[in-house]
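What follows is each chain in one-letter form.
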Amino acid sequence: MTRFLVVLTDVRPIDGSWRNERTCPERRRQVVGASSREAAERIAGAFMALGMVRAGRQRVKVIAIGRRHARG
């Protein structure tokens, strides 16, 4: 089973350089964990209703962070 993170970040101003989230990630405002894709999408939907996201100053990201192996 894959776990997910829902991340609310600030949008960086465009400075003409190439963006690389691994070397210079956007500043995180909120991080929430979810155990299913459906739960992550519900949380992301709530974040997308925020005024700062709707105005384009923040963005919402849903990130799959790994797999848990089912024991059988």
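Bear in mind the structure is a predicted one, so any value in this text is a computation, not a measurement.

1. Some remarks on the confidence of the model for the protein
For any part of a model where pLDDT is low, the fine detail of the predicted coordinates should not be relied upon.
Alright, step 1. When pLDDT is averaged across the protein, the result is 88; 90% of the residues are at 70 or more.
Alright, step 2. For the protein, strand S3 (residues 58–67) is the element with the lowest average pLDDT, namely 90, and helix H1 (residues 37–48) is the one with the highest, namely 97.

2. Let's talk about the layout of surface pockets
Alright, step 1. Computed from the structure, the largest pocket encloses a volume of approximately 170 Å³.
Alright, step 2. The set of elements that each furnish at least two residues to the lining of the largest pocket consists of strand S1 (2–10), strand S2 (28–34) and S3.
Alright, step 3. Here the element with the most residues in the lining of the largest pocket is S1; it accounts for 3 residues.
Alright, step 4. Each residue belonging to the lining of the largest pocket can be placed in one class, and the counts come to 5 nonpolar, 1 polar and 4 charged.

3. Some details on the sheet that holds S2
Alright, step 1. Reading across from one edge, S2-S1-S3 is the order of the 3 strands in this open sheet, with antiparallel pairing throughout. The open sheet has two edge strands with one neighbour each: S2 and S3. Averaged over all neighbouring strand pairs, the angle between strand axes comes to 20°, with direction disregarded.
Alright, step 2. Sheet analysis places S1 next to S3, joined by 9 bridges and oriented antiparallel. Residue Leu5 lies in a different strand from S3, and its bridge partner there is Ile63.

Parameters and conventions
- Residues numbered from 1 in each chain as written.
- Predicted model: local features only at pLDDT ≥ 70, side-chain atom pairs only at ≥ 80, totals over all residues.
- Heavy atoms only, no water.
- pLDDT = per-residue confidence, 0-100.
- Helix = DSSP H or I, 4+ residues; strand = E, 2+ residues; numbered from the N terminus.
- 1 Å grid on protein atoms, 1.4 Å probe; cavity = no way out; pocket = protein on both sides within 12 Å on 5 of 7 lines; lining within 4 Å.
- Points joined across faces, edges and corners; volume = space filled by probe spheres on them.
- Nonpolar A, V, L, I, M, F, W, Y, C, P; charged D, E, K, R; others polar.
- Pairing = 2+ DSSP bridges.
- Axes fitted to C-alpha atoms, helices over the stretch in contact; angles between N-to-C directions.

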